[in-house]
Amino acid sequence: MNPLQFTIPVTSEKTVIIQEDCLPRFYPHLHRHKEAQLMWICRGRGMLIADSAMHLFQPNDIFLIAPHQSHVFKDEPDEAGIHTLSIYFDPEGCLHHTFLLPELKPLENLFRDSKGGFKVPAVCNAGIADRMSNIQRATNIDQFVQFLSLLHMLSKITPRPAPLAQQTDTYITEGEGLRMANIYNYINQHYHREISLEEVAAEAHLTPQAFCRYFKKHTGITFIAFLNRRRINEACKGLTEGRFDSIANVAYSCGFNSITNFNRVFKTVTGDSPKTYLAKYYQNVAN
């Protein structure tokens, strides 16, 4: 089964479509549409399948989904709903001739270099999110001017972010998307305990060696690195929500059997120790 062709409700009076969603879950099916989609994850955690690649996401992540790029966002089952803000636009539609203007050459280059989509670097998230909010509040000409300014900000990101997936001439099938989603769902259900390579490979109906190659191909990282990111993602939630009375309890609840290993992996993934991460979080909340 091919990914579903999704039609965005575009009106003749609008070049740019802004859509805010507060829902129990993400749209569950692998799909694609002719419009580019810039999505800001305001609330929600999980995995993005884009073409044949998998990416973890968390609140404040921003993704550019390229036109016709197969994708589906899989949220974690224990999330209390999702909240996103998306901007849809068709670079090959009525905007095409606008982007050919000499002054807008950087925007043409942006879309030429971003046919695999990309994730906005975290350091740029606040500025891009602020501009997206401005677009949502603006109307008519002001909205379009803000939109061009947003694209200008995206075009100035250097170095250019890596694509979400390598470009191919074929679309990922729904069956392949389901296979990757099943792997992620299995990790989601069992990350709090030790997961052997053999058992997760069996879940994917692959030998351990074939699974390692398959997983690295679709995520760009090893299974252990992906599992650690998922565990640290949960640890960050546990720390900031105050669900545990100690960092050690957070570590053990997320599948780590050694505080030393937890601290090492936490710093590798977040760049901070658990105590520093928590201190920065409370400082941001206070401000």
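Residues numbered from 1 in each chain as written. Predicted model: local features only at pLDDT ≥ 70, side-chain atom pairs only at ≥ 80, totals over all residues. Heavy atoms only, no water.

**Student:** I'd love a proper account of the overall build of the chain, names of residues and values included.
**Tutor:** In terms of regular secondary structure, the chain is built from 11 helices and 10 strands. A compact globule built from 287 residues would reach a C-alpha radius of gyration of about 19 Å, and the chain, at 20 Å, matches this within 12%. Its C-alpha atoms put the chain at 60 × 50 × 35 Å along the principal axes. With 287 residues in all, the chain has 46% of them scored as buried. Within the chain, residue pairs in contact and separated by at least 24 positions form 72% of the contacts whose partners lie at least 6 positions apart. Surface accessibility of the chain: about 14,700 Å² in total, with carbon and sulfur atoms responsible for 54%. Averaged over its 29 positive side-chain charges, the chain has a centre that lies 5 Å from the centre of its 28 negative ones. (Helix = DSSP H or I, 4+ residues; strand = E, 2+ residues; numbered from the N terminus. Rg over C-alpha atoms; globule rule 2.2 N^0.38 Å. Buried < 20%, exposed > 50% of the residue type's maximum accessible area, 1.4 Å probe, protein only. Contact = heavy atoms within 4.5 Å. Areas by Shrake-Rupley, 256 points an atom, 1.4 Å probe, with all protein chains shown as cover. Lys, Arg positive; Asp, Glu negative; His and termini not counted. Charge placed at Lys NZ, Arg CZ, Asp CG, Glu CD.)

**Student:** Lay out the side chain of Thr 84 in plain terms, naming residues and giving numbers.
**Tutor:** You can see Thr 84 is positioned in strand E9 (residues 82-89). With a relative accessible area of 1%, Thr 84 lands in the buried category. Not counting residues within four places of it along the chain, the set of residues in contact with Thr 84 comprises Gln 19, Glu 20, Asp 21, Phe 26, Met 39, Trp 40, Ile 41 and Cys 42.

**Student:** I'd like a rundown of the confidence of the model for the chain, residues and numbers included.
**Tutor:** Of the residues in the chain, 92% reach a pLDDT of 70 or more, and the chain-wide mean stands at 87. Per-element averaging of pLDDT across the chain places strand E1 (residues 4-5) at the bottom with 62 and strand E7 (residues 62-65) at the top with 97. (pLDDT = per-residue confidence, 0-100.)

**Student:** Help me get a handle on the sheet that holds E9, residues and values and all.
**Tutor:** Read across the sheet, five strands follow the order E2-E9-E4-E7-E10 without closing on themselves; strand pairing throughout is antiparallel. Looking along the sheet, the strands with just one partner apiece sit at the ends: strand E2 (17-23) and strand E10 (118-119). Against the sheet, helix H4 (residues 140-155) touches E2, strand E4 (36-43), E9 and E10, its axis set at about 95° to E9. (Pairing = 2+ DSSP bridges. Axes fitted to C-alpha atoms, helices over the stretch in contact; angles between N-to-C directions.)

**Student:** Now, about the pairing of E7: what can you tell me, with residues and values included?
**Tutor:** Along E7, one buried face is formed by Ile 62 and Leu 64 and the opposite face, lined by Phe 63 and Ile 65, is buried too. Two strands pair when backbone bridges link them, and E4 and E7 are joined in this way by four bridges, in the antiparallel orientation. Paired with Trp 40 across the strands is Ile 62, a residue of E7. Inspection of the sheet shows E7 paired to E10 by two bridges, in the antiparallel sense. Paired with Phe 63 across the strands is Lys 119, a residue of E10.

**Student:** How would you summarise the pattern of salt bridges if you had to cite specific residues and measurements?
**Tutor:** Summed over all chains, the structure comprises 11 salt bridges. In this structure, Glu 76 engages Lys 237 in a salt bridge whose closest nitrogen and oxygen atoms are separated by 3.9 Å. In this pair, Glu 76 is assigned in the loop between strand E8 (71-75) and E9 and Lys 237 in helix H8 (residues 223-241), connecting sequence segments 161 residues apart. Judged on exposure class, the residue Glu 76 and its partner Lys 237 are both buried. Across the salt bridge formed by Arg 193 and Glu 199, the nearest N and O atoms sit 2.9 Å from each other. Owing to a relative accessible area of 30%, Arg 193 belongs among the partly exposed residues under this scheme. (Salt bridge = Lys/Arg side-chain N within 4 Å of Asp/Glu carboxyl O.)

**Student:** Pulling in residues and values, what's your account of the nonpolar core?
**Tutor:** Generally speaking, nonpolar side chains in soluble globular proteins are found buried as a group. Counting residues in hydrophobic clusters, the biggest one holds 26 residues, and the most contacted among them are Phe 89, Met 132 and Leu 154. Elements with a minimum of two residues in this core: E4, E7, E9, helix H1 (95-99), helix H2 (105-112), helix H3 (125-137) and H4. Setting aside its immediate chain neighbours within four residues, Met 132 contacts Leu 38, Trp 40, Ile 62, Leu 85, Ile 87 and Leu 150. One finds Ala 181, Ala 204, Tyr 214 and Ile 221 within the second-largest nonpolar core, a separate group that totals 24 residues. (Core = buried A, V, L, I, M, F, W, Y, C linked by side-chain atoms within 4.5 Å.)

**Student:** Tell me about the packing of H8 against helix H10 (residues 259-270), residues and numbers included.
**Tutor:** In the contact formed by H8 and H10, the axes pass within 10 Å of each other and the chain directions differ by 95°. The angle between H8 and H10 places the two elements in the roughly perpendicular class. Every residue of H10 that contacts H8 at Asn 228, Arg 229, Ile 232, Ala 235, Cys 236 and Leu 239 is listed here: Phe 262, Val 265, Phe 266, Val 269 and Thr 270. Here the contact of H8 with H10 is composed, by residue class, of eight nonpolar, two polar and one charged. (Parallel < 35°, antiparallel > 145°, perpendicular 65-115°, else oblique. Nonpolar A, V, L, I, M, F, W, Y, C, P; charged D, E, K, R; others polar.)

**Student:** Break down the environment of Ile 259 for me, citing the residues and quoting the values.
**Tutor:** Considering the arrangement of structural elements, one finds Ile 259 in helix H10. Measuring from C-alpha to C-alpha, the distance between Ile 259 and Ile 247 comes to 8.6 Å, with 12 residues separating the pair along the chain. When neighbours within four sequence positions are excluded, Ile 259 is seen to be in contact with Ala 248, Ala 251 and Tyr 252.

**Student:** Account for the packing of aromatic side chains, with residues named and values stated.
**Tutor:** Counted under the stated rule, the structure contains 17 aromatic pairs. For the pair Phe 63 and Phe 73, a centre-to-centre distance of 6.0 Å together with 65° between the ring planes defines the contact as edge-to-face. Highlighted residues: Phe 63 in strand E7 and Phe 73 in strand E8, separated in sequence by 10 residues. Each member of the pair Phe 63 and Phe 73 is classed as buried. Taking 5.1 Å as the distance between ring centres and 65° as the angle between the ring planes, the aromatic pair formed by Phe 89 and Phe 147 counts as edge-to-face. (Phe/Tyr/Trp six-rings, centres within 6.5 Å; stacked < 30°, edge-to-face > 60°.)

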